[in-house]
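Examining the three-dimensional arrangement
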Amino acid sequence: MSHVWEKENMMDKLFKIEFERGGFFQGKLLETEAPTTCQKFWEVLPFEGRIVHAAFTGLTMFFPVDFKVGKVENPYVCGGQAGDFFLNSYATPMVFEGRIPRDEIIIPYSRAGLFWKWGGWLPSNLFGKIIESDLEGLYRVGRRVKEGGSEVIRLSKV
Amino acid sequence: MLLRRRRMEKRFRLEFSKGGIFKAQLLEPLAPKTCQRFIDSLPFIGTVLNGSFCGHIFYGVPPFDFSEIENPIVFGAQPGDIFLDTNANRSMFEGRIVPAQVGIAYSSKVILWNWAGWLPSNHFAKIVEGNLDELYRVGRRIFWEGKEEMKCSLL
């Protein structure tokens with residue numbers, strides 16, 4: 001497991017990530033690659049959600065959000081790295097179990113992730129990444145959410 | 001004839017620590033070796049967790065290992081189907097080869113695979129008594145609340 005020691009640019013927009021049962025990280029937005037997603041995300045900060053471990057997408061956590069991006073930009077279905085922040089905007093409109101799903105933020109804690117569900121691929125916008133943080137700590141959070149169940153995640157501007 | 005066959009069927013009970021009791025039937029003609037290994041290990045209590053890759057299925061590690069593939073499935077699981085994933089591709093996790101795992105599908109939204117490839121899994125039993133809606137609720141509870149204990153015992 002590697003550490004990220006990437007130095008932030010003074011112009012980067014930074015945000016804080018805090019987990020209810022422990023774990024504090026700092027992320028930066030990738031505005032050049034995903035400007036609309038970053039703008040929507042930035043506008044709604046601070047907010048919190050209930051994060052849970054994925055059942056389909058591998059070693060990732062996710063939580064639904066109340067804002068809608070409605071656009072695919074800088075999309076991935078594989079190749080995500082630990083600490084990346086993705087926004088799944090449900091590019092193909094789907095109804096699951098009678099409901100239209102909300103957009104979701106997906107956070108891989110390992111490279112073993114593939115964004116799909118039984119209805120198809122979920123091309124997800126890479127719009128942020130954790131910086132200057134211990135990714136082993138993020139891995140421990142991921143395994144804790146897997147075994148201990150969902151918990152609250154809080155996001156705010158730095 | 002049918003009655004006699006039913007009397008020969010071996011069944012086992014599944015009980016979840018946070019609620020939910022089901023009865024399952026072994027599929028001995030389809031997966032005889034897997035069934036025998038499973039029967040020999042009963043009773044046992046194991047921890048179950050929702051799958052990370054496979055969808056609506058939860059898994060536990062039984063007190064035995066088994067590496068043969070018989071009656072394998074990767075697609076087409078139905079709620080209540082019970083599998084033994086023998087880790088055919090010998091995938092490793094956190095530095096160790098993943099052990100054989102018993103998986104129980106709680107909906108049909110299941111594909112048996114992980115980061116290392118397909119996981120052809122031995123379909124050796126299925127739930128025959130108990131409400132499958134309740135099984136779904138058990139599955140979603142494990143997904144949201146995390147691990148719990150499952151007790152398996154021969155009837």
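Everything below is about the structure printed above this text.
All of the points below concern the structure found in this document. (Residues numbered from 1 in each chain as written. Chains lettered and ligands numbered in written order. Predicted model: local features only at pLDDT ≥ 70, side-chain atom pairs only at ≥ 80, totals over all residues.)

1. Regarding the overall build of chain A
For chain A, the count of helices and strands is 2 helices and 11 strands. N-terminal to C-terminal, the α/β element order of chain A is β-β-α-β-β-β-β-β-β-β-β-α-β. In terms of overall size, chain A behaves like a compact globule, its C-alpha atoms giving a radius of gyration of 14 Å where 158 residues would be expected to give roughly 15 Å. Oriented by its inertia axes, the alpha-carbon framework of chain A measures out at about 40 × 35 × 25 Å. The 158 residues of chain A split such that 39% are buried. Expressed as a percentage of contacts within chain A between residues at least 6 apart in sequence, the contacts between residues at least 24 apart total 76%. (Helix = DSSP H or I, 4+ residues; strand = E, 2+ residues; numbered from the N terminus. Rg over C-alpha atoms; globule rule 2.2 N^0.38 Å. Buried ≥ 20, exposed ≤ 12 C-beta atoms within 10 Å, placed from the backbone. Contact = placed C-beta atoms within 7 Å.)

2. Quick notes on helix H2 (residues 135–148) of chain A
All names here are of chain A. Between the first and last C-alpha of H2 there are 19 Å, a value that for 14 residues agrees with the 20 Å anticipated at 1.5 Å per step. Three or more residues of H2 are buried, namely Leu138, Val141, Gly142 and Val145. Projection of H2 onto a plane perpendicular to its axis shows the buried side chains occupying an angular sector of 100 degrees, all on one side. Phi turns positive one or two residues past the end of H2, at Gly149, with a value near 95 degrees. (Expected span 1.5 Å × (residues − 1). Arc of directions from axis to C-beta.)

3. Some points on the nonpolar core
Ranked by internal contacts, the top residues of the largest apolar core, which has 73 residues, are Met61 and Phe127 of chain A together with Ile57 and Phe124 of chain B. The contact partners of Met61 of chain A, leaving out residues within four places of it in the chain, are Ile51, Val52, His53, Ala54, Ile107, Tyr109, Gly142 and Val145 of chain A. (Core = buried A, V, L, I, M, F, W, Y, C linked by C-beta atoms within 7 Å.)

4. Focus: the interface of chain A and chain B
Between chain A and chain B, the contact holds 14 residues from the first and 14 residues from the second. Elements supplying a minimum of two residues to the side of chain A that touches chain B: strand E3 (47–53), strand E4 (58–64) and H2 of chain A. The element contributing the most residues to the side of chain A that touches chain B is H2 of chain A, with 3 residues.

5. Describing unusual backbone geometry
Residue Pro46 of chain A is reached from Leu45 of chain A by a cis peptide bond, and omega for that bond is 0 degrees. Within the element layout of this structure, Pro46 of chain A appears in the loop between helix H1 (35–44) and E3. Look at the link from Leu42 of chain B to Pro43 of chain B: it is a cis peptide, with omega at -5 degrees. Structurally, Pro43 of chain B can be placed in the loop between helix H2 (32–41) and strand E3 (44–50). In this structure, Asn87 of chain B takes a positive phi of about 55 degrees despite not being glycine. With respect to the helices and strands, Asn87 of chain B occurs in the loop between strand E6 (81–85) and strand E7 (92–93).

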